[in-house]
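Descriptive structure summary
Next come the chains, spelled out residue by residue.
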Amino acid sequence: MNAAAHNTFDVVVMGEILVEVATDQPFGHGVPARLGISGDALNVAAAAAAAGARVGLLSVLTDDDLGQAIAARVAELGVSTALLKFRRGQQGVYLVHSDPDGEREFSYARTGSVGSTLGPDDVDPAVFAAAGAVVAGGIACAISTTARAAVVKAASVARRFVYDPNFRPRLTTVEDATAALTELAPQAFLVTPSFPGETRALLGVSSAEEAAATLRGLGTANVAVTCGAKGVQLETDGVSAWIPAIPAPAVVDQTGAGDAFVGTLTARLVLGDDFPAAACFGAAASSLVVGGKGGTGLVPTFGQTRAHAAASVNGAVSSNA
């Protein structure tokens, strides 16, 4: 048995890690930029670890100094490196320009990346079945057919499978993204689509409530529809709740806000918080991370997240911490 199989995680996240080149100026020659490590999978994993979960991250890195530097950052964020794979290839990269309001413009260099070599053989059934929850997203499904097959395998063995559609038109088509969501939703413990963009494109609905009802109809146990700066619509057996957004103390860069919500929500559910409380903590974490630069530039501790949630108008909730 793989040595990683002896690790039991609260949360396992899978997907691609990217090198992040960030600047406050429009892209151009000679523009000063900051190097970072990000990508939706790492952002989710970091948030889950900060929320108190034991987290493993399945991703493929280059077998060189860059890969080792990325692995060191993963460990620095409190995430286990036991599931990381190292292969020859090119690490995926993205460039991001953030304006003073935190709005972003992206440019990607990830086609054929080493991360896209992720495949079903990388998914250890023992590890994934033992985890409290497994998180994957539409980006992993979009980067290659093998990565999508890995996600499908993970969903089939996980006790609780969490799927974030994370639709990116530059990576995939509406048809393929819809097909992935439709295939995975029946196996999902939780799906976290965003409204209005994803829900309209992938589900053809015009409200967060309709999106939740559609996914519940497909067999998804729990749905959290994120509605940007407005809040989150929750739907599950016996619970239909609206969680208002928590204002951000500062907005520097919105990269990773949705990932922080998913990671925190998943971790707190696995650790025993109820759905509304876990979602409130997710909303608090996402409103804090936008105060940092880059996807993992600011990862709040759970103490900070809990205090921020409690200080909000509707955020006084209890937890099992």
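Right above here is the structure, for reference.
Residues numbered from 1 in each chain as written. Predicted model: local features only at pLDDT ≥ 70, side-chain atom pairs only at ≥ 80, totals over all residues. Heavy atoms only, no water.

If you tally the helices and strands in the chain, you get 11 helices and 14 strands. Computed over the C-alpha atoms, the radius of gyration of the chain is 18 Å, within 12% of the 20 Å expected from 2.2 N^0.38 for a compact globule of 321 residues. Along the three orthogonal principal directions, the C-alpha set of the chain runs to about 50 × 45 × 40 Å. Residue burial in the chain is summarised as follows: out of 321 residues, 54% are buried. Total accessible area on the chain stands at roughly 12700 Å², and carbon and sulfur atoms take up 53% of it. Counting 20 positive and 29 negative side-chain charges, the chain places the averaged centre of each group 4 Å from the other. (Helix = DSSP H or I, 4+ residues; strand = E, 2+ residues; numbered from the N terminus. Rg over C-alpha atoms; globule rule 2.2 N^0.38 Å. Buried < 20%, exposed > 50% of the residue type's maximum accessible area, 1.4 Å probe, protein only. Areas by Shrake-Rupley, 256 points an atom, 1.4 Å probe, with all protein chains shown as cover. Lys, Arg positive; Asp, Glu negative; His and termini not counted. Charge placed at Lys NZ, Arg CZ, Asp CG, Glu CD.)

What follows is about the packing of helix 5 (residues 145–157) against helix 6 (residues 174–184). Across the interface, helix 5 lies against helix 6 with an axial gap of 11 Å and an inter-helix angle of 15 degrees. One element, helix 5, and the other, helix 6, form an angle in the roughly parallel class. In the crossing of helix 5 with helix 6, the sense of the turn from one axis to the other is right-handed. Residues Arg148, Val151, Val152 and Ala155 of helix 5 pack against Asp176, Ala179, Ala180, Glu183 and Leu184 of helix 6. For the contact of helix 5 with helix 6, a count of residues per class yields 6 nonpolar, no polar and 3 charged. (Axes fitted to C-alpha atoms, helices over the stretch in contact; angles between N-to-C directions. Parallel < 35°, antiparallel > 145°, perpendicular 65-115°, else oblique. Left-handed = near helix turned anticlockwise from the far one by under 90°. Contact = heavy atoms within 4.5 Å. Nonpolar A, V, L, I, M, F, W, Y, C, P; charged D, E, K, R; others polar.)

With 49 residues, the main nonpolar core has Val13, Ile17, Val55, Leu57 and Leu265 as its most contacted residues. Non-local contacts of Val13, meaning those with residues more than four positions away in its chain, are made with Ala41, Val44, Ala45, Val55, Gly56, Leu57, Leu58 and Val135. Val134, Ala136, Ala211 and Leu215 belong to the second-largest nonpolar core, a separate cluster that totals 44 residues. (Core = buried A, V, L, I, M, F, W, Y, C linked by side-chain atoms within 4.5 Å.)

Turning next to the packing of helix 1 (residues 40–50) against helix 9 (residues 257–270). With their axes 7 Å apart at the nearest point, helix 1 and helix 9 run at an angle of 45 degrees to one another. Relative to helix 9, the element helix 1 lies oblique. Of the two elements, helix 1 crosses helix 9, and the hand of that crossing is right-handed. Residues Asp40, Asn43, Val44, Ala47 and Ala48 of helix 1 touch helix 9, and the partners they reach there are Asp259, Ala260, Val262, Gly263, Thr264 and Ala267. Looking at the contact of helix 1 with helix 9 residue by residue, the class counts come to 6 nonpolar, 3 polar and 2 charged.

Next up on the list: unusual backbone geometry. In the segment running from Phe195 into Pro196, the intervening peptide bond is cis, with an omega of 10 degrees. Along the chain, Pro196 turns up in the loop between strand 11 (190–191) and helix 7 (197–203). Phi angles above zero are rare outside glycine, and Asn166 is one such case at about 40 degrees.

A few words on the pairing of strand 14 (residues 239–244). Working note: regular strand, side chains alternate between the two faces of the sheet. Of the pairings in the sheet, the one linking strand 13 (residues 231–236) to strand 14 comprises 6 bridges and is antiparallel in character. Among the inter-strand pairings, Val232 is bridged to a residue of strand 14, identified as Ile243. The hairpin turn running from strand 13 into strand 14, its antiparallel successor, is 2 residues long, and Gly238 in that turn takes a positive phi close to 80 degrees. (Pairing = 2+ DSSP bridges.)

Looking now at helix 8 (residues 208–218). It helps to recall that an α-helix has 3.6 residues per turn; residues three or four apart then point in one direction. Buried within helix 8 are the following residues: Ala208, Ala211, Ala212 and Leu215. When helix 8 is viewed along its axis, its buried side chains cluster within an angular range of 95 degrees and face the same direction. Among the exposed residues of helix 8, those pointing more than 90 degrees away from its buried face are Ala213 and Gly217. Of the surrounding elements, those touching the buried residues of helix 8 are helix 6, strand 11, helix 7, strand 12 (222–226) and strand 13. Gly219 occupies a position one or two residues after helix 8 and carries a positive phi of about 115 degrees. (Arc of directions from axis to C-beta.)

Time to look at the sheet that holds strand 10 (residues 161–164). Here 8 strands make up an open sheet; going across it, the order is 4-1-9-10-11-12-13-14 and the pairing mixed. Whereas interior strands pair on both sides, the edge strands pair on one side only; in this sheet they are strand 4 (55–58) and strand 14. As defined by bridge partners, strand 12 adjoins strand 13 across 4 bridges and the pair is classed as antiparallel. Bridge pairing in strand 13 places Val225 opposite Gln233. Strands in contact with helix 10 (residues 275–289) are strand 11, strand 12, strand 13 and strand 14; relative to strand 13, the strand with the most contacts, it is inclined by about 155 degrees.

The quantities given are spatial measurements derived from coordinates; they are silent on function.
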